[in-house]
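Coordinate inspection notes
The residues making up each chain are set out below.
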2 protein chains.
Amino acid sequence: MGNYWFYENHTDGYGVNWKIKKIVHEETTKFQDLAIVDTVEWGKALVLDGMFQTTEKDEFIYHEIITHVVMKTHPNPQKVLIIGGGDGGVLREVLKYDSVIHVDMVEIDDRVVENSKVFFPQIASGFDDFRSNLHTKDGMQFVKNTLNKYDVAIVDSSDPIGPAVGLFSKEFYKDISNCLNDDGLVVVQSESPIFYEDIFKSVHKNMSAIFSNVYVYLATIPTYVSGPWSFTIGSKKYNPENLPNDKNYISGLKYYSESVHKAAFALPPFINQMIR
Amino acid sequence: MGNYWFYENHTDGYGVNWKIKKIVHEETTKFQDLAIVDTVEWGKALVLDGMFQTTEKDEFIYHEIITHVVMKTHPNPQKVLIIGGGDGGVLREVLKYDSVIHVDMVEIDDRVVENSKVFFPQIASGFDDFRSNLHTKDGMQFVKNTLNKYDVAIVDSSDPIGPAVGLFSKEFYKDISNCLNDDGLVVVQSESPIFYEDIFKSVHKNMSAIFSNVYVYLATIPTYVSGPWSFTIGSKKYNPENLPNDKNYISGLKYYSESVHKAAFALPPFINQMIR
């Protein structure tokens, strides 16, 4: 059995090599190149357009931190919107809240969902929950047209190349704001401030044009490009830095805790500088 | 002018590629292979035995966080011991404190110091300070034999292969403890909990055998292997999680702040688990 190396190119001068035991599956969907590879160190991984999106071993870090910071901030999240997130990891985390009664999940590429159900059943575990409603649609169109109102929105997009470009635009944030309740809030993954500083800054600028309260927090995800990863919150009412009384205790989390939540907002001065 | 790729191998299944503009200098010292390379994205970098140690662009993160957490914790650090740290970055940070009257720096390989003075003058800026005393010696021997007592010790070692192996041993921590004052404390870089979990755990175990108070904190350094990097503190009196009144304000820091200091101790449950 051979070993292969998968090369992930990040910028002109930096890339990462992952040793692969096996290419489990490959296809070209309507939207992107999709591969499932079995890595030597991180278990199986979902790769879209040549970039690692999700690995079995460290997916919990990204999925917990993008989901629970906003879900814990809202005192009673009942209706939740997920844009992207086709692997199902965010959905799985959202469904851990008893308060949640309805989730709309909008993923443009149903092949991501279908492959995740087959190859990552522990991640894609929430699609059959009676509260889950999967829409195979363009997230931008969905938020422009929906009449629903949500307490929490989570934008779990891939990088802003390919199908996800529009999910980083001011127009999209405006439409998201329109479909949030008056005390609603949205979180978006806003890339690496180190390797993709321009995108990080532009998300902050675009969010700040729509939301009067914008917050940035960080987490470190080993299988994403080195250095901290950023998340940006637009909020109509609640300050995510002030945790409310924790009525919604979720047991068994491996990355998220209340102290990790609070600590995530402590930006080093050089990152703070980028957005001030 | 060509571009070359430098390949840094971390584990069996993971490695990083850096694009190099130029190999500025190479030599084999008595202890290790040493190279200075000019990278496309990180400025000049010091490479020892094939591993990036220091880059011009992000050295401030590592040097600030390893130095200021212990220096700020001690209310009046006057005598400081640095083991390793031949590039001079920790020394530069320590000398920012007016309280400091004497620094012993023990670096086994004087070629690291000499090359850093030539190629990284902004980092190796403290060797001529009247408070600095450089000893070209084995750190293990130094702490076994010295009669000096220190308020703060900082162990800025390379990875535990080659000359630095002994700097991760219980015996060494015992000798460090013996040369600390009754309210002294020591910090060591304790590797990546993700990629080098065994070393991370073993440092914690060895430190806990010597110090009754052991604390772990994290920082993310983009040019070190992906994911968080760990630092372990052994303390005789002060709890670094409780910052004292800040008598020693240091201006111009780019990574360290009081909120970053406090946040660094918020370990995610899966990392906490490794050492409980």
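Residues numbered from 1 in each chain as written. Chains lettered and ligands numbered in written order. Predicted model: local features only at pLDDT ≥ 70, side-chain atom pairs only at ≥ 80, totals over all residues. Heavy atoms only, no water.

An unreviewed UniProt entry annotates chain A as Polyamine aminopropyltransferase originating from Candidatus Syntrophocurvum alkaliphilum. In UniProt, chain A has this text filed under Function (unreviewed entry): "Catalyzes the irreversible transfer of a propylamine group from the amino donor S-adenosylmethioninamine (decarboxy-AdoMet) to putrescine (1,4-diaminobutane) to yield spermidine." In UniProt, chain A has this text filed under Sequence similarities (unreviewed entry): "Belongs to the spermidine/spermine synthase family." (UniProt positions renumbered as here; feature names shortened; annotations may be inferred.)

Here we come to helix 5 (residues 170-178) of chain B. Where helix 5 of chain B is concerned, the buried positions are Phe172, Tyr173, Asp175, Ile176 and Ser177 of chain B. Close packing links the buried residues of helix 5 of chain B with strand 6 (79-84), helix 4 (139-145), strand 9 (150-156), strand 10 (180-189) and helix 6 (197-210) of chain B. (Buried < 20%, exposed > 50% of the residue type's maximum accessible area, 1.4 Å probe, protein only. Helix = DSSP H or I, 4+ residues; strand = E, 2+ residues; numbered from the N terminus. Contact = heavy atoms within 4.5 Å.)

Taken residue by residue, the interface counts 39 residues in chain B and 39 residues in chain A. Buried area between chain B and chain A, summed over both chains or domains, comes out near 2900 Å², and the portion from carbon and sulfur atoms is 63%. Where chain B meets chain A, there are 0 salt bridges. If you look at where chain B meets chain A, you find 14 residue pairs in polar contact (both at pLDDT 80 or more). At the level of secondary structure, the elements contributing two or more residues to the side of chain B that touches chain A comprise strand 1 (4-11), strand 2 (14-28), helix 1 (59-73), helix 7 (258-264) and helix 8 (269-274) of chain B. Per-element accounting of the side of chain B that touches chain A gives the leading share, 6 residues, to strand 2 of chain B. Here the side of chain B that touches chain A is composed, by residue class, of 26 nonpolar, 9 polar and 4 charged. (Buried area = accessible area lost by both parts, 1.4 Å probe. Salt bridge = Lys/Arg side-chain N within 4 Å of Asp/Glu carboxyl O. Polar contact = N/O pair within 3.5 Å; in protein donor to acceptor, adjacent residues only side chain to side chain. Nonpolar A, V, L, I, M, F, W, Y, C, P; charged D, E, K, R; others polar.)

This part takes up the pairing of strand 2 of chain B. Pairing of strand 2 (residues 14-28) of chain A with strand 2 of chain B, which is carried by 5 bridges, proceeds in the antiparallel orientation. Note on strand 2 of chain B: the bridge partner recorded for Val16 of chain A is Val16 of chain B. Where strand 1 of chain B meets strand 2 of chain B, 7 bridges bridge the pair, whose relative direction is antiparallel. Bridge pairing links Asn9 of chain B to Gly15 of chain B in strand 2 of chain B. Taking the residues between adjacent antiparallel strands as the criterion, strand 1 of chain B and strand 2 of chain B are bridged by 2 residues. (Pairing = 2+ DSSP bridges.)

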